[in-house]
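Residue-level listing of the chains:
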Amino acid sequence: MEAILFYLTALVAVLAAFFVTNCRNPVNSALCLVTNFICLAVFYVMLEAPFMAAIQIMVYAGAIMVLIVFVIMLLNLGTAVKSRYTHGMVAGGVLSVLLLIVANVFLRNGNATGTGGDITSAVIESYGHTELIGRAMFVDFLLPFEIASILLLVAIVGAVVLSKRKV
Amino acid sequence: MQGYSYLWLIPFFPLVGSIINGLFGKKIKNEAVIGGIGTLAIFSSFVVSCSYLIKLLGDDVKVHQQVVASWMSVGDLQVDWGFLLDPLSALMIMVVTGVGSLIHLYSIGYMHGEVGFYRFFSYLNLFCFSMLMLVLGNNALVMFIGWEGVGLCSYLLIGYYFEKKSAGDAAKKAFVVNRIGDFGFLCGLLTLFWALGSKGVWTLNFVEISENAHLLQSGGLLVTVVTLCFFLGATGKSAQIPLYTWLPDAMEGPTPVSALIHAATMVTAGVYMIGRMNILFAMSPTTMMVVAFVGAATAIFAASIGFAQNDIKRVLAYSTVSQLGFMFMAMGVGAFTAGIFHLMTHAFFKACLFLGSGSVIHGMHHAYHHAHLHDDPQDMRNMGGLRKFMPVTHATFGISCLAIAGIPFFSGFFSKDEILWWTFASTRGSMIVWIVGAIAACMTAFYMFRCLYMTFYGEQKTHPKAKNHIPESPWVITLPLVVLAGLATVGGLIGIPHAIDVMHVGNKLNDFLAPVFSQAQQLHQIEAHGSASLEIALMVLSVLIAVVGIGSATVMYLKKPELPGKFTAAFSGLHKAVFNKWYIDELYDFLFVNPCKKLGIFLWRGFDVKVVDGIVNGCAWVVKGIGAGLRYSQSGYLHNYAVAMVVGVVVIVGYYVLG
Amino acid sequence: MIDTSHYMLLSAILFSIGSYGVLTRKNAIVIFMCIEVMLNSVNLTFIALSRHVGNMDGQIFVFFVMTVAAAEAAVGLALMIAFYRNKDSIDVDDFNMLKW
Amino acid sequence: MADYLLSIMTFFPLLGMLFILFIPRDNDGLLKGFTLVVTLITFAISLPLAFDNAFATSGGMHYREFYEWIKIGSFFQMNYSIGVDGISLWLVMLTTFIMPIAVLSTWKSVEKHTKGFMALLLLLETGMLGAFVSLDLFLFYIFWELMLIPMYFLIGIWGGKNRIYAAVKFFIYTAVGSLLMLVAIMFVYYYAIQSGMSPANGFGILEFYKLDIPYHAQYWLFLAFGFSFAIKVPMFPLHTWLPDAHTEAPTAGSVILAAVLLKMGTYGYIRFAMPLFPDALPTFIPLLATLSVIGIIYGSLVAMMQEDVKKLVAYSSVAHLGFVMLGIFAMNLQGLAGGMIQMVNHGISTGALFLIVGFIYERRHTRLISEFGGLAHKMPIFATIFLIITFSSIGLPGTNGFVGEFLALMGAFEAGLRWYAVVATTGVIFAAVYMLWMYQRVMFGKITNPANENLKDLSSREIAIMLPLLVFVFWIGVYPNTFFDKMNPALEQFIKQMESRQVAMVEVQQPEIATLIEFK
Amino acid sequence: MENLAQEAIQNVNLQAIMPSLVLCCFGLVLLLVSVFSQRGKTTHVAWLSIIALVVTGFVSLSGWNNPQAGFAGSVVIDNFATFFSMICLIAAALTILMSDDYLKREGYPVGEYYPLILFTTAGAMWMASGTDLMTIFLGLEVLSVSLYVLAGFFRDQTKSNEAGLKYFFLGAFSTGFMLYGVALLYGVTGTTKLDGIAEFVRSTEGVSSDLMFISGGLLLLTGFLFKVAAAPFHMWTPDVYQGAPTPVTAFMSAGAKAAAFAAFMRVTFVALEDIQDDLTALFWVLAVLTMTIGNFIALNQQDIKRMLAYSSISHAGYALVGLVAWSDIGFSGILFYMLVYTFMNMGAFAVLVLVGKQGEENLTVDGLSGMGYKKPFLGIALCIFLFSLMGLPPTAGFTGKFYIFAAAVDSGYIWLAVIGVLNSAVSLYYYLRVMVHMYFKDPQEDFSWVSINPATAISIIVSIAGVLWLGILPGPVMELAKLAGF
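Procedures and definitions
Residues numbered from 1 in each chain as written. Chains lettered and ligands numbered in written order. Predicted model: local features only at pLDDT ≥ 70, side-chain atom pairs only at ≥ 80, totals over all residues. Heavy atoms only, no water. Contact = heavy atoms within 4.5 Å. Salt bridge = Lys/Arg side-chain N within 4 Å of Asp/Glu carboxyl O. Polar contact = N/O pair within 3.5 Å; in protein donor to acceptor, adjacent residues only side chain to side chain. Helix = DSSP H or I, 4+ residues; strand = E, 2+ residues; numbered from the N terminus. Nonpolar A, V, L, I, M, F, W, Y, C, P; charged D, E, K, R; others polar. Buried area = accessible area lost by both parts, 1.4 Å probe. Buried < 20%, exposed > 50% of the residue type's maximum accessible area, 1.4 Å probe, protein only. Expected span 1.5 Å × (residues − 1).

Peer 1: Could you clarify how one ought to interpret the arrangement of the chains in this entry?
Peer 2: There are eight pairs of chains in contact here, and the one with the most contacts is chains A and C. Taking C-alpha atoms as the reference, chain A and chain D come no closer than 29 Å and do not contact one another. There is no contact between chain C and chain D; across them, the least C-alpha separation is 25 Å.

Next up, the structure:
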């Protein structure tokens, strides 16, 4: 049952990703991207990370995609796309296949030995995913969290500076 | 002056004279003063030399050294500024200073009115200095200083009229050819030093060399090589085959120079050097033979060229070469004394001849100048019948001709005759050398008298306008002529051969030089053995030869002046060859000079610029080219950059994962 | 319970597709989206692994990756707009003023 | 004073340079005068060395100065360690002696950017002196490279029309060599450390002499050092930068280049390459000797056909330094002494020749032989001086040239480089040929070129420049012992040191395939 | 819940982030200042940010020799971090000094510029002091994002846009790979803390040969290699450096590179120690490739900024040599070299800032003809910097190179050292070319537009001082570098 769900979602995700790269129209690409995001959210749920799934939907599908689509519209690239495909297609294909092979090999022959952490599904059951996240975030990764805030600030300032029409 | 501690004065005076004239001559201007200084300088060393000669005659120790200072002291190599006085050098300094003084005196008159008067005297003194160093040096290096110094001076003096291209060329040629000889000298020096050194005696001192010569294997390869090297040096300095070509050209210099340097002194340095090293030479029969044959060859070869020259000085030049050949013949057959003897007599009569020719040229030049003509004052074809204009010159010239031709009881007779006798009778002698020598003697007589007749006898061929303005030279010129003629006449008497020594005066020269040569001669059984009668017979024969030479000359150039024309017509090819000195210069140009130049050009333009530098620039060019190529990898397209990155990742990770 | 390796493989596939898109597309925005695909595949890996190794660090990392993605989106799009204003195009082949 | 003599001498010009920066740039006379004074004072400071008898008595280092400079715990240490012995003594003296002359020579010839010129000259002097006195490889390397910079600008800014090419070529060519040497230096240092030498010694060569580095390592190290020095000498076939640099450089530049910079190479061999890697030396002697001899003949032949006087002199330098190298590789007292004295000679004669070329260049602004002829009429004094220098460079006995050449040849001959010596001796013939031919074409004959009609003879300044050189031409020629006395002890010690390392002359060991400790 | 707060508090150690904290605070303040300050008036902001950097400098110096770890081991201030922080601060200070007039000239007197620089620097400091991949990653992102902005800062100049965009896309792309690597490492070791990883690798059997671990490490390193502009991840460098505003270029080439090296080294030597052999081999190849490509392509450049970009690639190659050596000398060598490189490169760019016209079309090699005579001070300064970049004594460039190559020789990488010096021999040519034009060619134009303003002059003088000081008496600083090494 779960397996079927997994494979179906995986299929959708892959197809979506594929169309992101191959749609003529950026808008379609964007929609495919959203699809892909949603599939990932599904996976997150299956991986017992519901909070991440939520974030995924909100941040990505919600924020980032809106931004992207907004820009597409702003630059009204809706339909008019100049030369769509590149001569580099072959190279790109070959390279990504190679990449895949390499990845495949080291995923097969490597093994994730770092098991034995204290977070089991039982723990998640008892505490709840969100609290665990929160604990980790604010106990172990407080500093990165702060840095992230600075990062966002920088991004905002930068965006403002760059898109202001005149000084 | 007690002891021999003032030897250094002898070269010192001319040096001072040279420096004074060189630095201040320009200010002094007054020719009398300049000439006076120059002459005085060399004359005072003549005086000193005389005093030393007398002292030496009276002294029973015959070899004296004086070390002034150390020159180089580097480990085994200890070279001093040292002088050596022994009979040989005593004799030489007498010749140098004596003839030198006369020629200085002569020059005052001859060079009168020249722009570079002071320059000339400065050079002349400098030459005397170098020559005296050469003669007096007690070790090979000091000798080498003189050796190259005289080369330098001859360069300067030949190039005296430097605005004449021919003069410049001649000067350069002289020095370079001499350098080739010096190359031999240096090699000899190095080899000798090393050869003796390897036997434990590190020295270049002549006395020590002759004391330790026995360490070297007599007749061995080493000593042969050494002596051959030195002989090469000698051929350069003394204008022997194959290096004689510079001497005739050297006649570009003023005549006194030709007289002093290219007749009396410098060119005899080679002979002196062999005499100085007689021990070594005696040890190597091979070398001796080579020396003898080269000498003989030169003697006859040069004489042959002397036949067809019309320039009075060139005739004399070739005769000098040929006379030097005689000296080397003598040295080669072990007749060291005879060689030196001939050196001395030759100095007298040849100097006299040159000065005489100089006087003639002076006169002709004066006449032409007076007539505003520009004919060549040295060309004998424009002379003839001069005897009535310049009697003194004529007389002295004639005497010297007799001397050089070997007419009995003139100095040349004794020396040349002894040489021929030795070539015939010496243990190191050989028939061939004797025959060649005899023929050469005959030819000498012939062309010398040809020269005499063409100049002083027959009808005058001078340009009519100049005809009657040919003056006799002033006393400063004639006086040396007379003195030298006198010497040329009686000079031979110090070496009367035993065979005809009727008054039993003995062979003074032999006894005097014995300390230098006898050792080697005894050691290697070099002697002339033969009965007195045979000697006398030969003497007569050679006299006849001389007479024949003179006679034929008389016939051709006095009695039947049309004959020479016929001859040249008959043997035009031969005459042409002889007239052009057998094309030897051209041959040398073809063999050495031009190839060298071509090689130089090739090495520079072809090899250095194209290949060597080409490689250097090539490297730079390649690097830059590669850069220019790589540059286009930076296409500016985002995709290419991304591709590069992915390739990088795939390769790096893939290498570790798959490899 | 699906084994982690499946997720890993899937994310690898997604990653490759994303990079393929980056290498082939010319429209800057699309390329940016492809990069997003790559980042998401990484996120998937993180979460899968975080479950596998049993601690939360991976998920926190995903959290920050999202932040970064957002920040980059903001800046990147701003840059594109600025460029579009000058060249009236966001075709990456028009970024060819600087080369060699 | 005496304790710091060398430092003061070395850095005084630098001080002067700093002062020059504050002199207004348009005040030509002041700039030149000041520089002259500085160089003269430097010469004065260095004089006590020449009169110090310590050199005659012991061959060791004198006037030692030693301070720790850079000291990074176990990583590495460099020391400011300087000193002078009989070998470097005369080169130092030559440098301080030639500098004022070089400055004087600029009086008329340098018009533009005088300030920079003078500053660079002084910087250059510091560089040269430093290189001669430093006993620490690192320190030496710094001075060695420091010399490049001023020379580069001297050629590039004040040079002839092809100056840029010449300057860049000079710079890169020399730098390539020295960079390889740098790696070798590091290797030597770490080899020393790993073989248990105390880091306190730093890069001090006197200690490095004692190392015994395995042969195969020495082989490569000698190659690196030798290559760098051979470029500087320059030895055939690494010489091609020289003619360009010389022809393009301003007179003062050529003089210094010829008189001092070229000596860096030969000095480098004696001081560094040979004693540091004595076991590798025999392997290379045949090669190096051959190259030197080729250099002699080749240089002469090429010089013979030159049309540009300066190029001719430049190629003649190749020949002269061939004699130097030959003498050095003889590895016996005569050879070394000959080589050393020949270095000084070459400095004097060739320096003088460049000055002479400079004189006529100032007058006629051309160096083509064909442009001249018959100058002897117009400039008798010039002709005389030129003649003397010519013969000193030909090596006429009684002038300095002869002493050097003769000793070098004699040394080579005794050392068993017999045939090399013989072939090299032919060089004396060629020397006569090209020098005299040049002299004849320039000075003799009638004045054909109207431009030469009204040439002025040497001014008193120019004579003043030449006189000191002439004095030394004859001094060294007539009484070289003045120099040998102070030189020989050092050379003897040098030879002893080499022999103690069993340097078997000219018997050649075949190198194994050289692999240094863990080549990566 | 409160125990959560307590746990959180326990981990906090403000000491450990004090410098970056101070810097960020200043940054925020300056942001406000610049927002409320009058249009086009930015000088005071500039000077304030200088003050900020100086203060931060003093603060971070306090961290010397008293290591402070905190935040559950996600950050530490040790000598290493301090040294690199100082480099970045110096770089930032010099950048700001040369920026003010430059921005006015180019017509972008925007106050936000300075806070952005400060934040960039903060990011760089986090990279230097982070001991958790997460910290390092975020520091890197702060650095990058603000650099994207700064590179594209002249939004009306296509050049600048293009630079920003290229940097952005390639940066994001490489981030993807880097993250993937982090993920893999995380998967293998179960943690993102560097010492945690190292500890795990040491304690667990066979991890150091585990393919996933190795490829994870390599992918992670590609991210850093991209930032330090090592081949084949260098290709963004020339375009971005050429297009970006010159001071920004200067900062990228010095500060950003230094920070990247800091993180690079920490990750390599702490987390990936156990795959040393694999890595040294890799670095050997990359070092050779990088320096060669950089030098060779630089030979034919006309645009000086672009030429310096290539030269900075080659210098990254030299620095990598220190990594290959993998010894104390090598490590501290890199530290020292980064400092040296900061001074000489910043100085060179400062001169260019002054010489350039509006739009900088004239910053070509020919454009400098005769500059040395018209502007002696700038000429001499540029010469000093170029000689230093060549690595000629008595400049810092020489001592730095010596340090690095000495390390290589010490560890026996003779050939690498030889290749290195040959490369610098090649590099001589293009540096000399600049001087040839400055001094050996006659001026085409009088550089009348060049006005030497005090701020930039200060930055140049400081750089000269640094170059000569580190060239002649490098001892003390080398000592510091030694102490800062691991």
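After presenting the structure, the write-up continues.
Peer 1: Which parts of the structure should I look at to understand the interface of chain E and chain D?
Peer 2: By a frequent convention, interface size equals the accessible area lost on bringing the separate parts together. Opposite the 46 residues of chain E that make contact, chain D presents 43 residues. For the pair chain E and chain D, the interface holds zero salt bridges. If you look at where chain E meets chain D, you find three residue pairs in polar contact (both at pLDDT 80 or more). Per-element tally for the side of chain E that touches chain D: the top contributor is helix α18 (residues 414–440) of chain E, with 16 residues. Residues that form the side of chain E that touches chain D fall into these classes: 36 nonpolar, five polar and five charged.

Peer 1: I would appreciate a short explanation of the interface of chain C and chain A in the present structure.
Peer 2: Listed as interface residues are 68 residues of chain C and, on the opposing side, 84 residues of chain A. Counting the surface lost from both chain C and chain A, the interface buries some 6600 Å², and carbon and sulfur atoms represent 77% of this. On the chain C side of the contact with chain A, Tyr20, Arg25 and Met66 of chain C bury the most area, a combined 10% of that side's loss. The interface formed by chain C and chain A includes zero salt bridges. In this assembly, chain C and chain A are joined by seven residue pairs in polar contact (both at pLDDT 80 or more). Secondary-structure elements contributing two or more residues to the side of chain C that touches chain A are α1 (4–24), α2 (28–53) and α3 (57–87) of chain C. In terms of residue count, the dominant contributor to the side of chain C that touches chain A is α3 of chain C (22 residues).

Peer 1: For this particular structure, what's the right way to read the pattern of salt bridges?
Peer 2: Side-chain pairs of opposite charge can arise whenever the charged atoms involved come near each other. Under the definition given, this model contains 30 salt bridges over all chains. In this structure, the salt-bridge partner of Arg605 of chain B is Glu307 of chain D, at a minimum N-O distance of 2.9 Å. In this pair, Arg605 of chain B is assigned in helix α24 (residues 584–631) and Glu307 of chain D in the loop between α12 (281–304) and α13 (309–330), connecting two distinct chains. Look at Arg605 of chain B and you get partly exposed, because its relative accessible area is 39%. Here Glu307 of chain D falls in the partly exposed class, since its relative accessible area comes to 41%. Close ionic contact of Arg266 of chain E with Asp78 of chain E constitutes a salt bridge, the shortest N to O distance being 3.0 Å. Here Asp78 of chain E lies in the loop between β2 (75–77) and α4 (79–106) and Arg266 of chain E lies in helix α11 (residues 246–271), a separation of 188 residues in the sequence. Across this residue pair, the class does not change: Arg266 of chain E and Asp78 of chain E are buried. Counted as one network, the salt bridges with shared partners bring together Lys173, Asp249, Arg314 and Asp585 of chain B.

Peer 1: Honestly, helix α19 (residues 454–472) of chain E in this entry has me stumped. Any pointers?
Peer 2: Residue pairs spaced three or four apart in an α-helix point in one direction, given the helix's 3.6 residues per turn. With 19 residues, α19 of chain E extends 26 Å from end C-alpha to end C-alpha; this agrees with the ideal 27 Å at 1.5 Å per step. In this structure, the buried residues of α19 of chain E make contact with α3 (43–61), α4, α14 (328–355), α16 (376–390), α17 (396–410) and α20 (475–484) of chain E.

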